[in-house]
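Coordinate inspection notes
So the chains spell out like this:
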Amino acid sequence: MELRDLSDHVEYRAGRGIEEVARELGRDPAEFVKLSSNENPHGPSPKAEAAIRETASEVHRYPKAVHADLTAALADQWDVSDKQVWLANGGDGALDYLARATLAPGDRVLVPTPGFTYYGMSARFHHGEVAEYDVRTDDGFALTAERVLDAYDGERVVYLTSPHNPTGHRFTLDAVEEVADRADEDTLVVVDEAYGEFTDAPSAVSLLDERDDIAVLRTFSKAYGLAGIRLGYALTPPAWADAYARVQTPFAASAIACRAGTAALDDDEHVEQTVESVKWARQYMHDELDARTYESHGNFVLADVGDATEVAEAAKRKGVLIRDCSSFGLPEHVRITCGTREETERAVAVLNEVLAE
Ligand SMILES: *Cc1c(COP(=O)(O)O)cnc(C)c1O
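All of these numbers come straight from a predicted model, not from anything done at the bench. (Residues numbered from 1 in each chain as written. Predicted model: local features only at pLDDT ≥ 70, side-chain atom pairs only at ≥ 80, totals over all residues. Heavy atoms only, no water.)

**Remarks on the overall build of the protein**
The number of helices and strands found in the protein is twelve helices and twelve strands. Radius of gyration (C-alpha) of the protein: 20 Å, near the 21 Å computed for a compact globule of 357 residues. C-alpha atoms of the protein, sized along the principal axes, occupy 60 × 55 × 50 Å. Burial status across the protein gives 54% buried among its 357 residues. Put simply, 71% of the contacts in the protein that link residues at least 6 apart link residues at least 24 apart. Total accessible area computed for the protein in this model is approximately 16200 Å², and 45% of it derives from carbon and sulfur atoms. Side chains of the protein carry 35 positive and 66 negative charges; the gap between the two charge centres is 5 Å. (Helix = DSSP H or I, 4+ residues; strand = E, 2+ residues; numbered from the N terminus. Rg over C-alpha atoms; globule rule 2.2 N^0.38 Å. Buried < 20%, exposed > 50% of the residue type's maximum accessible area, 1.4 Å probe, protein only. Contact = heavy atoms within 4.5 Å. Areas by Shrake-Rupley, 256 points an atom, 1.4 Å probe, with all protein chains shown as cover. Lys, Arg positive; Asp, Glu negative; His and termini not counted. Charge placed at Lys NZ, Arg CZ, Asp CG, Glu CD.)

Shown next as structure tokens:
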């Protein structure tokens, strides 16, 4: 037999881990810092870590009550009803559920370029087609409704990343509403707030009350430090009622993930400390890096370094892993995740050395 035609499908290329790089270079993993995947450098919430340990002895059971508990906690946090919370295996999993619930074969979606690869991948898995809007401007990456609407041509789903990965910019809530207002009635606007904790701007969740054409994506992978657990969710309009039950995989999030998420939500101190540390690191990189940086509302900073591949490779040899943005279509830019104080200082020192060579 033959597989379906996968020629349009692309592979998701995750940043390489320290172990992998250390092995390749024949070096000790302890010499490296990894600032290439926007992970939380402070680790998971200690409360989540304890919950994970406690759950170990219960994993022979399917996760039903724990799923309901986390859903209720999130509904409470966002002031929405339980049915509006679609838990999933990572934010990526939530993107799949949204695609499942909206796309018919041949429907088109509109994604940002440069941008998060999984939007297009998810749409293609669900037999959709992908069009792009460009967020590059002559002097930066300003995110406006105009840029999206200029490219918009009746797509079924439009993805807005706010704060945006990899640029760090954000859409205003007015811009989100304008896109939703001016797009067709049948178009869903997905606002991806994977980095929402790191910006002072309000969440688009407040728009869900009055509209049935916006969904918001959030994740535990970034601010909550639970990337390895794979836990994310969509917040959806009240009008969608029972759609989640019809599209979700049985037991969408594991018992360990649900318990870790519930515990992490209850650990304000960990998130606050993380956000404070990110604000410090962003400012430090803006001030100290000898390269043009862009204002960021995420836990990373985009920098224009000339030749991204060369700079990222040279930094790697000096023990600092950052993201070469060539694969995003930005061959002159690198993305540096906000590390701890020590990691960030080291990254900036190494990059400045490389840039001076
Ligand atoms: C990290 C990220 C996500 C979600 O990641 P998960 O680990 O699957 O939750 C979604 N969108 C963007 C833009 C991201 O950078």
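**Digging into the sheet that holds strand β11 (residues 320-324)**
Spatially, five strands are ordered β1-β11-β12-β10-β9 in an open sheet, and the strand pairing comes out mixed. Each edge of the open sheet carries a strand with a single partner, namely β1 (33-35) and β9 (292-293). (Pairing = 2+ DSSP bridges.)

**Here we look at unusual backbone geometry**
With omega at -5°, the peptide bond leading from Thr 113 into Pro 114 counts as cis. Examined against the element boundaries, Pro 114 turns out to sit in the loop between β3 (108-113) and α5 (118-125). Here Asn 165 and Pro 166 are connected by a cis peptide whose omega angle stands at 15°. For Pro 166, the location among the structural elements is in the loop between β5 (157-161) and α7 (173-182).

**Thoughts on the UniProt feature "domain: Aminotransferase class I/classII large" (unreviewed entry) in the protein**
Residues annotated by UniProt as "domain: Aminotransferase class I/classII large" (unreviewed entry) correspond here to residues 31-350. Between the end C-alpha atoms of residues 31-350 the distance is 13 Å, and the span holds 37% helix and 18% strand. (UniProt positions renumbered as here; feature names shortened; annotations may be inferred.)

**As for the sheet that holds strand β6 (residues 188-192)**
Read from one edge to the other, the open sheet built from seven strands follows the order β2-β8-β7-β6-β5-β3-β4, with strand pairing classed as mixed. Every other strand in the sheet has two partners, leaving β2 (85-88) and β4 (129-134) as the edge strands with one partner each. Between one strand axis and the next, the sheet turns through 25° on average, direction left out of account. Looking at chain direction, β2 and strand β8 (residues 232-235) are connected through four bridges and run antiparallel. Each bridged residue has a counterpart across the sheet, and for Ala 88 the counterpart in β8 is Gly 232. (Axes fitted to C-alpha atoms, helices over the stretch in contact; angles between N-to-C directions.)

**Here we look at a nonpolar patch on the surface**
On the surface, Met 1, Leu 3 and Leu 6 cluster together into a nonpolar patch covering about 400 Å² of accessible area. Within the secondary structure, Leu 3 sits in the segment before α1 (18-25). Looking at Leu 3, the relative accessible area reads 63%, which means it is exposed. (Patch = residues over 30% accessible without salt bridge, like charges linked within 9 Å, V, L, I, M, F, W, Y side chains within 5 Å. Salt bridge = Lys/Arg side-chain N within 4 Å of Asp/Glu carboxyl O.)

**Quick word on the pattern of salt bridges**
Taken as a whole and judged by the stated rule, the model has 24 salt bridges. One salt bridge connects Arg 156 with Asp 107, and the closest N-O pair in it is separated by 3.8 Å. Note that Arg 156 is positioned in the loop between α6 (145-151) and β5 and Asp 107 in the loop between α4 (90-102) and β3, a separation of 49 residues in sequence. Look at Arg 156 and you get partly exposed, because its relative accessible area is 28%. A residue is classified by how much of its surface remains accessible, and Asp 107, at 22% relative accessible area, is partly exposed. Arg 218 is the salt-bridge partner of Glu 193, the closest N and O atoms lying 2.7 Å from each other. You can see Glu 193 sitting in the loop between β6 and β7 (214-219) and its partner Arg 218 sitting in strand β7, a full 25 residues away along the chain. Residue classification places Glu 193 among the buried residues on the basis of a relative accessible area of 5%. Classification of Arg 218 as buried rests on a relative accessible area of 6%. One network of salt bridges, with partners in common, ties together Arg 16, Glu 20, Glu 24, Glu 313 and Lys 316.

**Quick look at the site of the ligand**
Taken together, 14 residues form the shell around the ligand, and within it Gly 91, Asp 192, Thr 219, Ser 221 and Lys 222 come nearest. Note that an oxygen atom of the ligand is positioned 2.7 Å from one of the side-chain N or O atoms of Tyr 195. Measuring from an oxygen atom of the ligand, one finds a side-chain N or O atom of Arg 230 at 2.7 Å. The element that contributes the greatest number of residues to the shell around the ligand is α4, accounting for three residues. For the shell around the ligand, a count of residues per class yields four nonpolar, six polar and four charged. (Near = heavy atom within 4 Å. Polar contact = N/O pair within 3.5 Å; in protein donor to acceptor, adjacent residues only side chain to side chain. Nonpolar A, V, L, I, M, F, W, Y, C, P; charged D, E, K, R; others polar.)

**Describing the domain arrangement of the protein**
Per the domain assignment, the segments of the protein are domain 1 (18-44 + 268-356) and domain 2 (47-265). Taking the mean C-alpha position of each, domain 1 and domain 2 sit 25 Å from one another. Tallying the contact residues gives 27 residues for domain 1 and 26 residues for domain 2. Taken over both partners, the interface formed by domain 1 and domain 2 buries close to 2100 Å², and the fraction arising from carbon and sulfur atoms is 61%. When the buried area of domain 1 at its contact with domain 2 is split by residue, Pro 44, His 297 and Phe 328 rank highest and sum to 29% of it. (Domains from an automatic or database assignment. Buried area = accessible area lost by both parts, 1.4 Å probe.)

**What to know about the UniProt feature "modified residue: N6-(pyridoxal phosphate)lysine" (unreviewed entry) in the protein**
In this structure's numbering, the residues bearing the UniProt feature "modified residue: N6-(pyridoxal phosphate)lysine" (unreviewed entry) are Lys 222. Looking at the secondary structure, you find Lys 222 in the loop between β7 and β8. Those residues within four positions of Lys 222 in sequence are excluded, and the remaining contacts are Asn 38, Asn 40, Ala 194, Tyr 195, Phe 198 and Asn 299. Here Tyr 195 takes part through its side chain, which lies 3.2 Å from a polar atom of the side chain of Lys 222.

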